[in-house]
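Topology and contacts: notes
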Amino acid sequence: MLYLAGIAITFFLVFILLSKTNKSKADIILSLWLFLTGVHLFLYYMYVTTKYIDYPYLLGLEIPLPLVHGPFLFLYTSALTNQKSKKPTDVVHFIPFALAMLSLLPFFSSSSIHKIEVYKQEGTGYELLVNIIFGVTIVSGIVYTIGSLQKLAKHRSIIPTQFSFTEAINLRWLSYLILGSSIIWLLVIFTDDKYIFSGLVLYIGFIGYFGIKQVGIFTNNELQVQYKTPENTLTTVTNALQAPGLDGVQAEKVKYEKSKISTADIEAIHQKLSELMQTERFYTNPELTLSDLAQKIEVHPNILSQVINSVEQKNFYDYINHMRIEEFKRLISLPENQKFTLLSLAFECGFNSKTSFNRNFKKATNLSPSEYLKQLNINLASAI
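Notes on the structure in this doc start here. (Residues numbered from 1 in each chain as written. Predicted model: local features only at pLDDT ≥ 70, side-chain atom pairs only at ≥ 80, totals over all residues. Heavy atoms only, no water.)

Some words on the pattern of salt bridges
Put simply, the rule reads: By definition, a salt bridge exists where a carboxyl oxygen of Asp or Glu is found within 4 Å of a side-chain nitrogen of Lys or Arg. Burial classification: accessible surface area is computed with a 1.4 Å probe over protein chains only, and a residue below 20% of its type maximum counts as buried, one above 50% as exposed, and the rest as partly exposed. Elements are defined by DSSP. Helices are runs of H or I of four residues or more, strands are runs of E of two residues or more, and each kind is numbered from the N terminus.
Here the structure, examined in full by the defined rule, presents 7 salt bridges. When the shortest N-O distance is used, the salt bridge between D27 and K20 registers 3.1 Å. When sorted by exposure, D27 lands in the same class as K20, which is buried. We note a salt bridge from K272 to E298, for which the minimum N-O separation is 3.5 Å. Of this pair, K272 sits in helix 12 (residues 263–280) while E298 sits in the loop between helix 13 (290–297) and helix 14 (301–312), placing them 26 residues apart in sequence.

Shown next, in the form of structure tokens:
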């Protein structure tokens, strides 16, 4: 019953993904991955219920299938974080799977009676081949999980240089997805099929629950806001961040070492930026990106990033959220605003969540918002 539930949920999620309008590359990869996962669960269900006796032509198909899960996780992470593979084609990741299928051709071409007998004897005659495929599968799982974690870490480093917010960006979703996949691989290494596939069903349920909660995964809402950023900007930042031993700000400095912009130009752009931020209050836009602001300032995003980094000594994320904190301080000092709640004023300043506001406020002042208000003896309205 557990496996049937997992199969039903898997194919239901595939249906939801395929019914999305304007499907992204990440959506297609995830739908294919889930479809093959559903097939894998179905084949295991046929085995444990001994129904394979009635469908011997399906026997053996489940043996190489674990080799697709690592590549799909890696490709999905790459697509969702807009990090293109340097390989000429994604197909190369599935060469081990193809080789495993070819190595099993003698079994696939054997008679139904022979296949059934082999399964009844738990693989007698094919032990070496199955063990080799299992060993390659373990290596594949470890390598692709590490690769996916590296992609996620790079994505985390890029975000503060391009965005003034992180809540709508798929960090938590990807973190959970990779963590869940890692647990499955640990089950593969240390336990037997019963625990592996039970864990897989729970993982599918987890994907469905958190994927539906995460904006844009199984809905038509836009999630991948990073695609608004010019590709050359992301590529430049990514290359800089790959330099060993550099954090985000240091990497930005490396990126700008060969810049031809003069000190006078930097000062002029910064003055224009400061004036427009004061008059137009662009930071109150909760989804403000570096590209959006650069367009309003009428400079290239790379140049604007250099100006902010050089003069403010902050990346874009910290700069915008610093402006939001200062605006919040200004608003709470006005008596007419004390009828509003703390959170409503935070939203007015451009924050899009209580968590983001609290985190950035504590980072800027070393105090929580409530501690800061208490220190100034300011009483805001209570939330109903």
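Quick word on empty space enclosed by the protein
The criterion, for reference: The distinction between a cavity and a pocket rests on a 1 Å grid over the protein atoms alone: a 1.4 Å probe fits inside a cavity but cannot get out, while a pocket stays open yet meets protein on both sides within 12 Å along at least five of seven lines, and a residue with an atom within 4 Å of a point counts as lining. Grid points are joined across faces, edges and corners, and a volume is the space filled by probe spheres set on the points. The residue classification treats Ala, Val, Leu, Ile, Met, Phe, Trp, Tyr, Cys and Pro as nonpolar and Asp, Glu, Lys and Arg as charged. All others, Gly included, are polar.
Under the criterion given, the structure shown has 1 cavity of 30 Å³ or more. Considering only enclosed or pocket space, the largest cavity measures out at about 50 Å³ in volume. Around the largest cavity, the lining residues are L43, M46, Y47, Y52, L58, L59, E62 and Y119. Of the residues forming the lining of the largest cavity, the biggest block, 3 residues, is contributed by helix 2 (residues 25–48). Among the residues forming the lining of the largest cavity, the class breakdown is 7 nonpolar, no polar and 1 charged.

What to know about the packing of aromatic side chains
Using the following cut-off: Ring geometry is summarised as follows: Phe, Tyr and Trp rings, the Trp one being its six-membered ring, pair when their centres sit within 6.5 Å, and such pairs are stacked at plane angles under 30 degrees, edge-to-face over 60 and tilted between the two. In this scheme, Lys NZ or Arg CZ marks a charge over a ring once it lies within 6 Å of the ring centre and within 35 degrees of the ring normal.
The tally for this structure, following the rule as stated, stands at 20 aromatic pairs. Ring pairing ties together the aromatic residues Y3, Y44, Y47, Y52, F107, F108, Y119, Y126 and F197, which thus form one cluster. The positively charged end of R324 is found above the aromatic ring belonging to F351, 5.9 Å away from the centroid.

Things to note about the packing of helix 15 (residues 316–332) against helix 17 (residues 354–365)
What counts here: Axis lines are fitted through C-alpha atoms, for helices just across the contact stretch, and the angle between N-to-C directions can take any value from 0 to 180 degrees. Any angle from 65 to 115 degrees is called roughly perpendicular, while one under 35 is roughly parallel, one over 145 is roughly antiparallel, and all others are oblique. Working rule for contacts: check all heavy atoms of both residues, and any pair within 4.5 Å makes them a contact.
At a closest axis distance of 10 Å, the pairing of helix 15 and helix 17 adopts a crossing angle of 90°. Relative to helix 17, helix 15 is oriented roughly perpendicular. Where helix 15 abuts helix 17, its residues Y317, D318, N321, I325, F328 and K329 lie against S356, F357, R359, N360, F361, K363, A364 and T365. Of the residues that constitute the contact of helix 15 with helix 17, the class distribution is 6 nonpolar, 4 polar and 4 charged.

Some points on the side chain of T37
As for its placement among the helices and strands, T37 is situated in helix 2. If we skip the residues at most four places from it in the chain, T37 touches T10, H69, L200 and I204.

Some points on the nonpolar core
Convention followed: By nonpolar core is meant a set of buried Ala, Val, Leu, Ile, Met, Phe, Trp, Tyr and Cys residues that side-chain atoms within 4.5 Å join together.
Judged by nonpolar contacts, the single largest core of 47 residues is most densely connected at L34, L41, Y76, W173, L177, Y203 and I207. Mapped onto this core, the elements with two or more residues apiece are helix 1 (2–18), helix 2, helix 3 (66–80), helix 7 (127–162), helix 8 (171–190) and helix 9 (193–213). Counting 19 residues, the second-largest nonpolar core is a separate cluster that includes F282, L288, L293 and I297.

What about the layout of surface pockets?
Here the largest pocket defines a volume of roughly 1100 Å³. Along its surface, the largest pocket is lined by 37 residues, and E62, I63, V130, F134 and D193 are the ones closest to its centre. Those elements giving two or more residues to the lining of the largest pocket turn out to be helix 2, helix 3, helix 6 (112–120), helix 7, helix 8 and helix 9. Here the lining of the largest pocket is composed, by residue class, of 24 nonpolar, 8 polar and 5 charged.

So, unusual backbone geometry
Although it is not a glycine, E122 adopts a positive phi angle of roughly 55°. Among the structural elements, E122 can be located in the loop between helix 6 and helix 7. Despite not being glycine, N377 shows a phi value in the positive range, around 60°. As for its position among the elements, N377 is in the segment after helix 18 (369–376). N377 gets classed as exposed once you look at its relative accessible area, which sits at 65%.

Remember, this is a structural readout, not a statement about activity or role.
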